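The chain contents come next:
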Amino acid sequence: PHYYCSPVVPRESIRIMLLKIALPTILSLLSSANAFVVQSSPPRSGLRAASSSSLYMAGAGEALIVQNKGGGHGELGYQLAKTLQSQEKISSVTILQDDACDDTKEPFKSYAADLPDVKVVKASLSDESMTADDVNSLLGGGTFEYIWDNASKGPVGSGKAICDAAKGWNPKLFTYVSSAGMYQPTEDTVFPMAETTPIKESAGQAQFEAYAAEIGLPLVSFRPQYIYGPKANKYSYIDWYFDRICRGEPVPIPGDGTQIVSLTNSEDVAFMLASPLNNETAAVEQRYFNCGTDIQLSYDNVAMLCAQVAGVDDYKIVHYDAAELGKGTFPFRPANFYVAPDMIKEYLTYGSAAEHTLREDLAEFYFENYKARGALDKDVDFAKDKEILDAL
């Protein structure tokens, strides 16, 4: 018989042959490993919680908040910065703060302690000569993928400069904090007012929206109303009730008191302002969003809640005809004027638009804050109230 003996192959050659066979498979497995990242569960607000994974943060963008000097929107920059710091799409947060703010008052005095990782840049946002170059210089030449403008009142001065600078950054979102106050409801308006309600075209906010859209920014505009919060910069809406109830004065409310008001906690507003991160495309396509709680109260309800938390059982509401006697110092409009966050819930997967209620907030912090501010001891002018009451 004839036997065939294969030649002896050296061990080193065998190892090389095996490596050539196995290497493509190993590389394929390594390249697909990123597909097995575990994602965190979304919190109640619908905004995804931040992941500590560097794989997530590699694609994150820088956020800029342009913040006004105070007033009804004064707390929003602070609360928004806190909210954005927990979002995986955001790698850093910078606040461009109007230097006319009072650093001895909230929320500005809490920036350093509560927002240690947020960069705060002061600027004179009332400077009508400000240009895009000035904005870029103030911000050290950096660029931002996500911008929230909570300061501009029109497309002039710093407002135009910020838009023009943002255009050069090619951002993913340019979110503007506008106002529901520019709505002009008609006799045919159905409440709550929808985003299609006619607006005052001459309003600075409307003109700002038009300019931002005209130059091609990915504009998303929110229209809030009547904001309160734990570090608020304006208290007059709710204080008006406490000022009278705590002093045993009558509470003059125009109409029959059943008119509805939307009073929204600033933390809820901040979550709504951040909600475009859930669906950037849908946010830009819809563009305009009402921004307020989905829990509405009547004017008389607000008085009742304030009396309850103040421990006052014997309080007196007096209704009157505002068309005949005027509005007086009442903090809200005499007629219905309120919005609902239906579009936010539909397009931006927000869920409930209110994790806070006025009933709970009055008891948890607002009334104690009212007393701590010395509001119980301040002098209150009831002259306008007296005029109305004397005329009845």
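One can find the structure itself at the top, above this paragraph.
These notes cover the structure that comes with them. (Residues numbered from 1 in each chain as written. Predicted model: local features only at pLDDT ≥ 70, side-chain atom pairs only at ≥ 80, totals over all residues. Heavy atoms only, no water.)

**Some remarks on the overall build of the protein chain**
A count of helical and extended segments in the protein chain gives 15 helices and 13 strands. Expressed as a percentage of its 392 residues, the buried residues of the protein chain come to 47%. The long-range fraction of contacts in the protein chain, counting pairs at least 24 apart against all pairs at least 6 apart in sequence, stands at 82%. (Helix = DSSP H or I, 4+ residues; strand = E, 2+ residues; numbered from the N terminus. Buried < 20%, exposed > 50% of the residue type's maximum accessible area, 1.4 Å probe, protein only. Contact = heavy atoms within 4.5 Å.)

**Re the packing of helix 3 (residues 76-84) against helix 9 (residues 266-274)**
As a packed pair, helix 3 and helix 9 sit with axes 8 Å apart at the nearest point and diverge in direction by 60 degrees. One way to sum up the angle between helix 3 and helix 9 is to call them oblique. Where helix 3 crosses over helix 9, the handedness of that crossing is right-handed. Of the residues in helix 9, those in contact with Leu 76, Gln 79, Leu 80, Thr 83 and Leu 84 of helix 3 are Ser 266, Glu 267, Val 269, Ala 270, Phe 271, Leu 273 and Ala 274. (Axes fitted to C-alpha atoms, helices over the stretch in contact; angles between N-to-C directions. Parallel < 35°, antiparallel > 145°, perpendicular 65-115°, else oblique. Left-handed = near helix turned anticlockwise from the far one by under 90°.)

**Comments concerning the nonpolar core**
Counting 33 residues, the largest nonpolar core has Ile 238, Tyr 241, Leu 263, Phe 332 and Leu 358 as its most contacted members. Listing elements by their share of this core, those giving two or more residues are helix 8 (236-245), strand 8 (251-254), helix 11 (299-310) and helix 14 (358-372). The residues contacting Leu 263, other than those within four sequence positions of it, are Tyr 226, Tyr 228, Tyr 237, Thr 293, Val 302, Phe 332 and Leu 358. Counting 32 residues, the second largest nonpolar core, distinct from the first, contains Ile 95, Cys 101, Val 177 and Ala 283. (Core = buried A, V, L, I, M, F, W, Y, C linked by side-chain atoms within 4.5 Å.)

**What about the pairing of strand 8?**
The alternating pattern of strand 8 places Val 251 and Ile 253 on one face and Pro 252 and Pro 254 on the opposite face, and all of these are buried. Relative to strand 13 (residues 317-320), strand 8 runs parallel, the two sharing four bridges. Within strand 13, the residue paired with Val 251 across the bridge is Ile 317. (Pairing = 2+ DSSP bridges.)

**Quick look at helix 8**
Owing to its 3.6 residues per turn, the α-helix brings residues three or four apart onto one side. Most of helix 8 is tucked away: nine of the ten residues are buried. Those residues of helix 8 that sit buried are Tyr 237, Ile 238, Asp 239, Trp 240, Tyr 241, Phe 242, Asp 243, Arg 244 and Ile 245. Of the surrounding secondary structure, the elements contacted by the buried residues of helix 8 are strand 7 (227-228), strand 8, helix 11, helix 14 and helix 15 (383-390).

**Some remarks on the packing of helix 8 against helix 14**
At their nearest, the axes of helix 8 and helix 14 sit 12 Å apart, and the two run at 70 degrees to each other. Viewed along their axes, helix 8 and helix 14 adopt a mutual orientation that is roughly perpendicular. Contact residues: Ile 238, Asp 239, Phe 242 and Asp 243 in helix 8; Leu 358, Leu 362, Tyr 366, Phe 367 and Tyr 370 in helix 14. Partitioning the contact of helix 8 with helix 14 into residue classes produces seven nonpolar, no polar and two charged. (Nonpolar A, V, L, I, M, F, W, Y, C, P; charged D, E, K, R; others polar.)

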